[in-house]
Amino acid sequence: MSKTIGRELEAKFNSTKAKNKAIVDLLYKEKAFTEAYAGEEINTRFDTRDAELESIGATVRLRQTPKGFLLTVKEKIDPSRTDVKKPKHCKLCEELNAEVSDPGVVRKIFSLFFAREESYCKVRRHWELSFSGICVEIDLVPELNRYFVEIEAPTEKDIDEFRKRFGLSWDSVEPKSYFQLIREAREKKANKKNKKHS
């Protein structure tokens, strides 16, 4: 099991199918970028019955990608901290990642501590800029029928540079997590179904 510990700085932008295609074409031309993987991701988040982790801005997630399974623990950085510069547009959190060889064992252990488990699927193309810490992710969430672009980088200046290069606007930043968007969509669908049968 390999692991990485650090901070994650990223911005997620609402996009379109055409915009995503244009960005992919641009990434192909940028020879310094490498497409690390492409395909379906299954993301599963674990929490207590009362959603205690979510209430403090923390996430425990198991992700299945074409390259394998990845366990991630995230926690939002307290904005009141004076030793951390608060980004203007991006999300900043502490992050621990660990590759998992036996996801079944992880799920069994988590079932002892977490009562809530929710999953969703997205189709992702993951690109990396060599030796820079910069990643670009081109996403489609089929359940929402929506397209997104995520940019992760060491500094907000780096993210801003690629945002401009890709023709993205800060006004199109999506503040909600994928889990929040999926949950809202599912609740809306359930409420509509209940009204129809009431």
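What you see is a predicted model, and the numbers here were worked out from it, not measured in a lab.

### Let's talk about helix α5 (residues 178-197)
Line of reasoning, step 1. Helix length check: α5 (20 residues) gives 29 Å between terminal C-alpha atoms against 28 Å at 1.5 Å per residue, within 8%.
Line of reasoning, step 2. Residues of α5 that are buried: Y178, F179, L181, I182 and R183.

### Let's talk about the pattern of salt bridges
Pairing is possible between side chains that carry opposite charge, provided their charged atoms lie close to one another.
Line of reasoning, step 1. Applying the stated rule across the entire model yields 23 salt bridges.
Line of reasoning, step 2. One connected set of salt bridges, linked through shared partners, spans E41, R63, K122, R124, E137, D139 and E150.

### Notes on the nonpolar core
Line of reasoning, step 1. Counting 24 residues, the largest nonpolar core has L27, F33, V136, I138, I151, I159 and F166 as the members making the most contacts within it.
Line of reasoning, step 2. Listed by contribution, the elements that provide at least two residues to this core are β1 (3-15), α1 (17-29), β6 (116-129), β7 (134-141), β8 (146-152) and α4 (156-166).
Line of reasoning, step 3. Excluding residues within four positions of it along the chain, I159 makes contact with L9, E10, A11, C90, I151, A153 and W170.
Line of reasoning, step 4. Within the second largest apolar cluster, nine residues are counted, among which are A58, V60, L62 and V100.

### Looking at a nonpolar patch on the surface
Line of reasoning, step 1. Taken together, V105, I109, L112 and F113 make up a surface patch of nonpolar side chains, about 440 Å² in accessible area.
Line of reasoning, step 2. Looking at the secondary structure, you find F113 in the loop between α3 (103-111) and β6.
Line of reasoning, step 3. We classify F113 as exposed; its relative accessible area is 59%.

### Structural notes on the environment of F166
Line of reasoning, step 1. Along the chain, F166 turns up in helix α4.
Line of reasoning, step 2. By relative accessible area, F166 is classed as buried at 5%.
Line of reasoning, step 3. Between the C-alpha atoms of F166 and D102, which are 64 residues apart in sequence, the distance is 38 Å.
Line of reasoning, step 4. With sequence-adjacent residues up to four places away left out, F166 is seen in contact with K19, I23, L26, L27, V136 and I151.

Cut-offs and rules
- Each chain carries its own residue numbering, running from 1 in the written order of its sequence.
- Local features in this predicted model are restricted to residues of pLDDT 70 or higher, and side-chain atom pairs are both shown and tallied only at a pLDDT of 80 or more, whereas totals for entire chains, interfaces and linings draw on every residue.
- By convention in this description, side-chain values take in all heavy atoms of the structure and omit both hydrogens and water.
- Helix and strand labels come from DSSP, where a helix needs a run of H or I of at least four residues and a strand needs a run of E of at least two; each type is numbered from the N terminus.
- Each helix should span, by expectation, one fewer than its residue count multiplied by 1.5 Å.
- A simple rule labels every residue: compare its accessible area, found with a 1.4 Å probe on the protein chains alone, to the largest value its type can have, and call it buried under 20%, exposed over 50%, or partly exposed in between.
- The term salt bridge refers to a pairing of a side-chain nitrogen on Lys or Arg with a carboxyl oxygen on Asp or Glu at a separation within 4 Å.
- Note on terminology: a nonpolar core comprises buried Ala, Val, Leu, Ile, Met, Phe, Trp, Tyr and Cys residues joined through side-chain atoms within 4.5 Å.
- Whether two residues touch is decided by their heavy atoms; if any such pair falls within 4.5 Å, the residues are in contact.
- To count toward a patch, a residue needs a relative accessible area over 30% and no salt bridge; like charges are then connected within 9 Å, while nonpolar side chains (Val, Leu, Ile, Met, Phe, Trp, Tyr) are connected within 5 Å.
- The protein chains shown are the only cover counted for residues, whose accessible areas, like all others here, come from Shrake-Rupley with a 1.4 Å probe.

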